[in-house]
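What follows is each chain in one-letter form.
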Amino acid sequence: FKLWMGLGQHELLLRFLSVITGVLTIPLAYVTGRAWRDERVGSLAAFVTALSPFLIYYSQVARMYSLCAALSLLATYCLLKAIKRDGILCYLGFVLSSVTALYTFYYTACILAAALAYALLTRPRRWRALLTSVAVIAALYAPWLLYAVPPMLARVGHRTGFTLSGADALRFLA
């Protein structure tokens, strides 16, 4: 599922999305740091982001990592704004950027879990809105899990000799 590959197979086109999202990560780091603490933290976050060897590298390759970083920062920014203002648009931004980040890279769930834990610890009275957001994210991400989990379980079973079907996984979780 590489939508940007529809633009063509030229190297510049393949790397263009990574470059754009890598550059956008810098101002996103700034506004997220500013939303979290103040302008000084935002400036420091942008500075560290701009000089990060990993982000520089992944902004040059045709992979999803710079997009993942940008979407994770956007989700965190929206979440920080949402718990401060309790605005529906901020929660909507959090949900949409979170779902997009999850569809981009599975392990974004770890970043989102940490951001949600921070939100719950600092603003426990917002638990209903946060739980609703998580439920909507889960509902929007469930179709992909239904599609992706069975082949992943089959690959793991093939490599390890331990087979687990999707039905077994559901029984285990229930």
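Owing to the predicted nature of the structure, the values given are computational and were not obtained by experimental measurement.

1. Quick look at the overall build of the protein chain
So, step 1. Of regular secondary structure, the protein chain possesses 8 helices and 0 strands.
So, step 2. Principal-axis analysis of the C-alpha atoms places the extent of the protein chain at approximately 55 × 50 × 25 Å.
So, step 3. Long-range pairs, those at least 24 residues apart, make up 63% of the contacts in the protein chain with a sequence separation of at least 6.
So, step 4. Surface summary for the protein chain: the accessible area is close to 11400 Å², and the carbon and sulfur share equals 71%.
So, step 5. Side-chain charges of the protein chain comprise 16 positive and 5 negative groups, with the mean position of each set lying 4 Å from the other.

2. Focus on the confidence of the model for the protein chain
Do not read the fine detail of predicted coordinates wherever pLDDT is low.
So, step 1. In this model, the protein chain carries a mean pLDDT of 90, and residues with pLDDT of at least 70 account for 91%.
So, step 2. Element-level mean pLDDT values for the protein chain span from 67 in helix α8 (residues 166–173) up to 98 in helix α2 (residues 39–51).

3. Looking at the nonpolar core
So, step 1. Counting 20 residues, the largest nonpolar core has L79, I83, F94, L130 and I137 as its most contacted members.
So, step 2. For this core, the secondary-structure elements that each account for two or more residues are α4 (65–85), α5 (88–104), α6 (108–122) and α7 (127–160).
So, step 3. In contact with L79, not counting residues within four places along its chain, are F94, A115, L116, A119 and L130.

4. Digging into the packing of aromatic side chains
Two numbers describe a pair of aromatic rings. These are the distance of the centres and the angle of the planes.
So, step 1. What the rule picks out here adds up to 8 aromatic pairs.
So, step 2. Taken together, a centroid distance of 5.0 Å and an interplanar angle of 40° make the contact between W144 and Y147 tilted. Pair noted here: W144 and Y147 are both in helix α7, with a separation of 3 residues, about one helical turn.
So, step 3. Classification of Y147 by relative accessible area gives exposed; the value is 57%.

5. Focus: α2
Residues that lie three or four places apart on an α-helix share one face, since the helix turns once every 3.6 residues.
So, step 1. An ideal rise of 1.5 Å per residue puts 18 Å on 13 residues; α2 measures up with 18 Å between its terminal C-alpha atoms.
So, step 2. Measuring from the side-chain oxygen of the N-cap residue of α2 to the backbone nitrogen of R40 gives 3.2 Å; that N-cap residue is D38.

6. Topic: a nonpolar patch on the surface
So, step 1. A surface patch of nonpolar side chains, amounting to about 430 Å² of accessible area, comprises F16, V19, I20, V23 and L24.
So, step 2. Along the chain, the position of V23 falls in helix α1 (residues 11–36).
So, step 3. On the basis of relative accessible area, V23 is assigned to the exposed category, the value being 52%.

7. Some words on the packing of α1 against α4
So, step 1. Following both chains from N to C, one finds α1 and α4 inclined at 25°, their axes separated by 8 Å at the closest point. It follows from the interaxial angle that α1 and α4 lie roughly parallel. Here α1 and α4 pass one another in a crossing that is left-handed. For the pair formed by α1 and α4, the contact residues are L17, S18, T21, G22, T25, L28, A29, V31, T32, A35 and W36 on the first element and S66, L67, A69, A70, L73, L74, T76, Y77, L80, K81 and K84 on the second.
So, step 2. Looking at the contact of α1 with α4, its residues break down into 13 nonpolar, 7 polar and 2 charged.

8. Topic: the packing of α1 against α2
So, step 1. α2 packs onto α1 with a crossing angle of 150° between their chain directions and a minimal axis gap of 7 Å. When the axes of α1 and α2 are compared, the pair comes out roughly antiparallel. For the pair α1 and α2, the crossing hand works out as right-handed. Contacts from T25, I26, A29, Y30, G33, R34 and W36 of α1 reach α2 at E39, V41, G42, S43, A45, A46, T49 and A50.
So, step 2. A breakdown of the residues in the contact of α1 with α2 according to their chemical character gives 8 nonpolar, 5 polar and 2 charged.

Conventions adopted
Residues numbered from 1 in each chain as written. Predicted model: local features only at pLDDT ≥ 70, side-chain atom pairs only at ≥ 80, totals over all residues. Heavy atoms only, no water. Helix = DSSP H or I, 4+ residues; strand = E, 2+ residues; numbered from the N terminus. Contact = heavy atoms within 4.5 Å. Areas by Shrake-Rupley, 256 points an atom, 1.4 Å probe, with all protein chains shown as cover. Lys, Arg positive; Asp, Glu negative; His and termini not counted. Charge placed at Lys NZ, Arg CZ, Asp CG, Glu CD. pLDDT = per-residue confidence, 0-100. Core = buried A, V, L, I, M, F, W, Y, C linked by side-chain atoms within 4.5 Å. Buried < 20%, exposed > 50% of the residue type's maximum accessible area, 1.4 Å probe, protein only. Phe/Tyr/Trp six-rings, centres within 6.5 Å; stacked < 30°, edge-to-face > 60°. Expected span 1.5 Å × (residues − 1). Polar contact = N/O pair within 3.5 Å; in protein donor to acceptor, adjacent residues only side chain to side chain. Patch = residues over 30% accessible without salt bridge, like charges linked within 9 Å, V, L, I, M, F, W, Y side chains within 5 Å. Salt bridge = Lys/Arg side-chain N within 4 Å of Asp/Glu carboxyl O. Axes fitted to C-alpha atoms, helices over the stretch in contact; angles between N-to-C directions. Parallel < 35°, antiparallel > 145°, perpendicular 65-115°, else oblique. Left-handed = near helix turned anticlockwise from the far one by under 90°. Nonpolar A, V, L, I, M, F, W, Y, C, P; charged D, E, K, R; others polar.

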